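Coordinate inspection notes
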Amino acid sequence: NTAKITIDPAFVIGPVRRKTFGAFVEHLGRCVYTGIFEPEHPQADEDGFRTDVLELTRELGVSTVRYPGGNFVSGYRWEDGVGPKEDRPTRLDLAWHSSDPNLVGVDEFAKWSEKAGVEPMMAVNLGTRGTQEALDLLEYSNIKGGTALSEQRKANGAVEPHNINMWCLGNEMDGFWQIGHKTAAEYARVAAETARAMRMVNPDLELVACGSSGPDLPTFGEWERVVLNETYELVDLISAHQYFEDFGDLQEHLTAGHRMEAFIKDLVSHIDHVKSATKSGKQVNISFDEWNVWHMSRDESKTPTGDDWPVAPVLLEDRYTVADAVVVGDLLITLLRNTDRVHSASLAQLVNVIAPIMTEPGGRAWKQTTFHPFALTSQHASGDVLDLGVESPQLGSEKTPAFSALSAVATHDADAKEAVVFAVNRSATDALTLDAAVGSLNAQKVIEAITYTNKDPYWQATADDSTSVLPSENVSVKLDGGRLTAGLPPVSWTMIRLS
Ligand code: AHR
């Protein structure tokens with residue numbers, strides 16, 4: 001059972017983009033309140049941010065962070081979240097049936113981003129609101145001074161502009177669950193007009209139009225065609241969202257990367273169809289700005305109902321297994337492998353809500369299993385992404401008849417003289433041997449070879465034990481001249497660094 005690859009620095013797909021390693025902070029459950037922000041916490045800093053979470057965010061190696069939603073943004077009034085905290089209103093959040101005291105808003109998020117060393121990616125409300133409010137938020141955030149809203153920001157203590165460059169034109173506007181849900185034609189108009197006006201303020205903004213909320217939506221494809229027909233020359237990226245769950249079938253779960261790859265390829269065809277039909281010289285690419293494993297339904301997660309509108313309820317606090325971490329590793333490999341067209345991505349989300357980082361209110365912060373492949377890939381992928389010409393045994397599951405057992409990508413950093421292979425064995429039952437021709441790398445040694453796997457693939461980290469199953473050395477890895485071999489256990493994620 002052997003899979004062959006060739007690692008040749010001449011076969012470049014594109015650069016490793018730091019923006020592939022984005023994440024997402026939404027006003028949802030405990031992501032903001034008792035997640036990134038908890039003034040009463042013993043480790044809170046002078047601004048009320050949890051320093052333990054800041055540290056873990058830096059360790060995770062996150063680049064951009066999308067904010068403030070998500071479904072939340074489609075009912076959000078950004079003005080509620082600025083100015084003296086005692087004057088800020090508490091509002092109903094219809095998306096998550098919660099109350100939001102607005103103690104964190106754009107100024108706090110910009111400050112948190114600076115402390116975390118991440119770039120903020122801001123979403124505007126195109127659900128209940130429109131072009132004017134998007135322009136107001138842009139003026140408030142990015143204009144140096146001398147206008148009503150920029151002076152208001154300065155008076156609120158943010159003297160320097162936030163200079164937010166990436167903007168999402170709404171969120172999942174194709175979804176029937178979205179507040180202010182629109183048809184493709186309705187959304188296309190408002191997205192085009194908003195983008196046009198925002199570019200009058202600053203033509204260099206990076207703008208993201210809403211694509212489909214997933215490949216299974218009946219409107220996928222047609223939505224992209226209609227939206228891009230109106231917006232192609234006005235936006236840089238179109239979004240893709242996709243979540244994966246186990247359904248109690250491990251082998252099917254392990255095909256997630258294969259399914260994401262198919263979605264990306266389809267989306268690329270829809271984008272390029274519009275490019276060709278409109279004879280555009282421009283290339284629109286993909287912002288995969290929500291992706292993850294997500295098992296819990298809204299009901300399981302006990303979304304509040306009726307008269308219950310709590311602040312920061314426990315919502316969507318999925319616990320992840322080693323198998324989920326392998327899937328997350330594979331999804332990241334897939335995003336990297338498509339770096340020519342996926343120019344930005346955000347793991348949804350960062351803290352507590354379907355997240356790699358968990359917190360206890362007033363207590364500990366700890367890492368879920370999914371933290372590890374993300375952090376290691378972000379830390380070590382650099383330079384160029386290489387095309388490996390994978391020859392892998394093919395597997396089949398009930399729902400996915402044919403997929404490769406091996407999912408792999410390699411990056412090559414000529415300056416650092418380092419190549420890194422990231423590989424997942426998607427088989428639920430059988431080990432796989434990786435056989436790599438690496439002659440053209442002239443690698444002398446294996447710097448590090450680690451694998452994340454476990455006898456029980458359903459092992460989960462908890463606050464009390466988040467470290468007994470960690471990625472560990474893969475002793476089977478051998479570099480012999482121009483040949484690298486490695487044993488990949490079933491349900492495993494592996495990283496091999498060569499120099
Ligand atoms: O990430 C959780 C939710 O998933 C987001 O609010 C929404 O955009 C998506 O449906």
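Throughout this description, residue numbers start from 1 for each chain and increase along the sequence as written. Reporting of local features is limited, given that this is a predicted model, to residues whose pLDDT is at least 70; pairs of side-chain atoms are given and counted only at 80 or more, and all residues count toward the totals for whole chains, interfaces and linings. Based on all heavy atoms of the structure, the side-chain values leave hydrogens and waters out of the count.

To continue, consider the site of the ligand. We call a residue near a molecule or strand whenever a single non-hydrogen atom of that residue lies within 4 Å of it. Lining the immediate surroundings of the ligand are Phe24, Glu26, Gly70, Asn71, Trp96, Asn171, Glu172, Tyr243, Glu290, Trp294, Gln349 and Ile354. Polar contact is the term for a pair of N or O atoms within 3.5 Å; when the atoms are in protein, one must be able to donate a hydrogen and the other to accept it, and sequence-neighboring residues count only if both atoms are side-chain atoms. A distance of 3.0 Å separates an oxygen atom of the ligand from a polar side-chain atom of asparagine 171. Throughout, the Shrake-Rupley method with a 1.4 Å probe supplies accessible areas, and for residues the shown protein chains are the sole cover considered. Here the ligand, which alone exposes 290 Å², has 95% of that area covered by the protein. Note that Gly is not counted as nonpolar here; it falls among the polar residues with everything else outside the nonpolar set of Ala, Val, Leu, Ile, Met, Phe, Trp, Tyr, Cys and Pro and the charged set of Asp, Glu, Lys and Arg. For the shell around the ligand, the class distribution of residues is five nonpolar, four polar and three charged.

When the charged atoms of two side chains lie near each other, side chains of opposite charge can form a pair. Salt bridges are defined as contacts in which a side-chain nitrogen from Lys or Arg sits within 4 Å of a carboxyl oxygen from Asp or Glu. Under the defined criterion, the tally for this structure stands at 32 salt bridges. Here aspartate 289 and arginine 66 are joined by a salt bridge, their closest N and O atoms 4.0 Å apart. Of the two residues, aspartate 289 is situated in strand 11 (residues 285–293) and arginine 66 in strand 4 (residues 64–67); the sequence distance between them amounts to 223 residues. Three exposure classes are used, based on accessible area relative to the maximum for each residue type with a 1.4 Å probe and protein chains only: buried under 20%, partly exposed in between, and exposed over 50%. The exposure class assigned to aspartate 289 is buried, which follows from its relative accessible area of 1%. For arginine 66, a relative accessible area of 1% puts it in the buried group. Glutamate 222 is the partner of arginine 225 in a salt bridge, and the nearest nitrogen-oxygen pair spans 2.8 Å. You can see arginine 225 and its partner glutamate 222 sitting in helix 6 (residues 222–231), three residues apart, about one turn around the helix. We classify arginine 225 as partly exposed; its relative accessible area is 32%. Take glutamate 222: its relative accessible area is 44%, and that puts it in the partly exposed class. Helix and strand labels come from DSSP, where a helix needs a run of H or I of at least four residues and a strand needs a run of E of at least two; each type is numbered from the N terminus.

Take the nonpolar core next. Of all hydrophobic cores here, the largest spans 133 residues; its most connected members are Trp112, Trp167, Tyr187, Phe288 and Trp291. In terms of residues, this core owes the most to one element, helix 9 (residues 322–337), which gives eleven residues. The contacts of tryptophan 167, once residues within four sequence positions are left out, are Met122, Val124, Leu137, Leu138, Ser141, Asn142, Met198, Leu205, Glu206, Leu207 and Val208. What we call a nonpolar core is a set of buried Ala, Val, Leu, Ile, Met, Phe, Trp, Tyr and Cys residues that are connected through their side-chain atoms within 4.5 Å. Leu406, Ala410, Ala449 and Val477 belong to the second largest nonpolar core, which has 25 residues in total. Residue contacts follow a heavy-atom distance rule, with two residues in contact if any of their heavy atoms lie within 4.5 Å.

Next up on the list: the side chain of glutamate 261. Position of glutamate 261 relative to the elements: it lies in helix 8 (residues 256–277). Apart from residues no more than four positions distant in its own chain, glutamate 261 is found in contact with Thr334, Arg337 and Asn338.

What follows covers the pairing of strand 9 (residues 206–209). What you see with strand 9 is no split at all: Glu206 and Val208 on one side and Leu207 and Ala209 on the other are buried throughout. Seen with its strands pointing away from the viewer, a crossover is right-handed when the path leading from the first strand over the helix to the second is clockwise. On the question of chirality, the crossover connecting strand 8 (residues 166–169) to the parallel strand 9 by way of helix 5 (residues 184–201) is right-handed. Pairing between strands requires that DSSP locate at least two bridges from one strand to the other. Examined bridge by bridge, strand 9 and strand 10 (residues 237–244) share two bridges and lie parallel to one another. Bridged to alanine 209 within strand 10 is isoleucine 238.

So, about the packing of aromatic side chains. Whether two aromatic rings pair depends on their centres lying within 6.5 Å, for rings of Phe, Tyr and Trp, where Trp uses its six-membered ring; planes under 30 degrees apart make the pair stacked, over 60 edge-to-face, and the rest tilted. What the rule picks out here adds up to 13 aromatic pairs. Both rings, one in phenylalanine 220 and one in phenylalanine 263, keep their centres 5.1 Å apart while their planes meet at 75 degrees; by these two values the pair is edge-to-face. On the criterion of sequence distance, the pair formed by phenylalanine 220 in the loop between strand 9 and helix 6 and phenylalanine 263 in helix 8 is long-range, its members being 43 residues apart. On the basis of relative accessibility, which here comes to 2%, the residue phenylalanine 263 falls in the buried class. Taking the centre distance of 4.6 Å and the plane angle of 85 degrees together, the rings of tyrosine 243 and tryptophan 294 count as edge-to-face.

In this section: helix 10 (residues 371–380). For helix 10, the buried fraction is high: nine of the ten residues fall into the buried class. Those residues of helix 10 lying buried are Phe371, His372, Pro373, Phe374, Ala375, Leu376, Thr377, Ser378 and His380.

Right, let's talk about unusual backbone geometry for a bit. Glycine aside, a negative phi is what most residues show, and trans is what most peptide bonds show. Look at the link from tyrosine 67 to proline 68: it is a cis peptide, with omega at 0 degrees. Of note, proline 68 is situated in the loop between strand 4 and strand 5 (91–93). Note the cis peptide between glycine 69 and glycine 70, where omega equals 15 degrees. On the secondary structure map, glycine 70 appears in the loop between strand 4 and strand 5. Despite not being glycine, lysine 417 has its phi angle at roughly 50 degrees, a positive value. Looking at where lysine 417 falls in the secondary structure, it is placed in the loop between strand 18 (406–413) and strand 19 (418–425). On the basis of relative accessibility, which here comes to 63%, the residue lysine 417 falls in the exposed class.

We now examine the environment of proline 313. Mapping proline 313 onto the fold places it in the loop between strand 11 and helix 9. As for proline 313 and cysteine 31, which are separated by 282 residues in sequence, their C-alpha atoms are 9.8 Å apart. Those residues in contact with proline 313 that sit more than four places away from it in its chain are Gly29, Arg30, Ser98 and Pro304.

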